[in-house]
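Architecture at a glance
These are the residues of each chain, in order.
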Amino acid sequence: MSYSTVVSPALLAHHLDDPGWRLFDCRHQLSDPDAGARAYASGHLPGASFLHLDRDLSGPMNGSNGRHPLPDPQLLAARLGAAGVSRDTQVVAYDDAGGMIASRLWWLLRWLGHDRVAVLDGGIERWVAEGRPLSTESPAVAAVLFEGAPRDWVATTQEVLADVREGQFCLIDARSPDRFRGENETLDPVGGHIPGARNRFFRDNLDSDGCFRPAAELRRELLALLAGTDPKQAVMTCGSGVTACHNLLAMEIAGLHDARLYAGSWSEWCSDPARPVASQVP
């Protein structure tokens, strides 16, 4: 069975009171980690709960596993169950950044085997622009049991390092072109990219209104980027494994399935100076 990857505000509005749907506010700012919680408190979609990128959607850092390591699957499952997500729940995630953070929750749920998850197309901005209501009330949610088993959708640093020599993967980096080139790096101590990676800025998946572009357009561009590589051999990377999920969502919209995530991404890769670095800085 297939499920929607994105939903419109109009469709979501019809399900705000549906007990089988759960809505999550994923707003976050890297420069101000508490901004999302403040934004949620000042106004969010009715019935939405808040999930924090650092505390809920990531695991602890140890200095060599990147800035947003994957959370422990059992802890994540417990957190989702406490928020009312069961195996039959339709989950919708939203943010205010074109799905940049919401796509992380989308991917994490699917990683755990839960396919009933979608991103709100256009996020909270489109919801408000259409004159739909906000709330300041936190929902009272009954805890349920959520059971999930991780799929084999994660590429390790060792696999990526081996592939730098073998070239079997299509490694796609979601960062902005300047950071990919090694310029204007402010988040990580080293600029550049993994040798052999190709650049697909995640914002290229969106139209001028911050909604995902048509599936046919995404498919055409992503197939050109894959250049004949099977989508199952594609590995998505970025700075810390967050915006890479946006490209994974775009791949899914385009009907290109089963690409993997390099969760540690550039922030993990560059933590070891022995790993090779490529750049295009003159």
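Note: the structure precedes this text.
My aim in this report is to walk through the structure given alongside it, one point at a time. (Residues numbered from 1 in each chain as written. Predicted model: local features only at pLDDT ≥ 70, side-chain atom pairs only at ≥ 80, totals over all residues. Heavy atoms only, no water.)

**Regarding the overall build of the protein**
Helix and strand content of the protein: 10 helices and nine strands. What you see for the protein is a C-alpha radius of gyration of 18 Å, in line with the 19 Å of a compact globule of 282 residues. In terms of overall dimensions, the protein has a C-alpha envelope of 55 × 40 × 35 Å along the principal axes. Intrachain contacts of the protein at a sequence separation of at least 6 include 77% that bridge at least 24 residues. Here the protein displays about 12,200 Å² of accessible surface, and carbon together with sulfur accounts for 50% of that area. The centroid of the 26 positive side-chain charges in the protein is displaced by 2 Å from the centroid of its 36 negative side-chain charges. (Helix = DSSP H or I, 4+ residues; strand = E, 2+ residues; numbered from the N terminus. Rg over C-alpha atoms; globule rule 2.2 N^0.38 Å. Contact = heavy atoms within 4.5 Å. Areas by Shrake-Rupley, 256 points an atom, 1.4 Å probe, with all protein chains shown as cover. Lys, Arg positive; Asp, Glu negative; His and termini not counted. Charge placed at Lys NZ, Arg CZ, Asp CG, Glu CD.)

**Section: the nonpolar core**
Among the nonpolar cores identified, the biggest contains 54 residues, and Phe24, Leu80, Leu105, Trp107, Met236, Met251 and Leu261 are the most heavily contacted of them. Going through the elements one at a time, helix 3 (73-82), strand 4 (90-94), helix 4 (102-111), strand 5 (117-120), strand 6 (170-173), helix 8 (215-226), strand 8 (234-237) and helix 9 (243-253) are the ones with two or more residues in this core. Ignoring sequence-local partners within four residues, the contact set of Leu80 consists of Val85, Leu105, Leu109, Leu112 and Phe146. (Core = buried A, V, L, I, M, F, W, Y, C linked by side-chain atoms within 4.5 Å. Buried < 20%, exposed > 50% of the residue type's maximum accessible area, 1.4 Å probe, protein only.)

**Looking at the pairing of strand 6**
Of the two faces of strand 6, the one carrying Cys170 and Ile172 and the one carrying Leu171 and Asp173 are both buried. As defined by bridge partners, strand 6 adjoins strand 8 across four bridges and the pair is classed as parallel. Counterpart to Cys170 in the pairing with strand 8 is Ala234. In this structure, strand 6 lies alongside strand 7 (residues 198-199), joined through two bridges in parallel fashion. Along strand 7, the bridge assignment pairs Asp173 with Asn199. (Pairing = 2+ DSSP bridges.)

Functional significance is not addressed by these values, which are geometric in nature.
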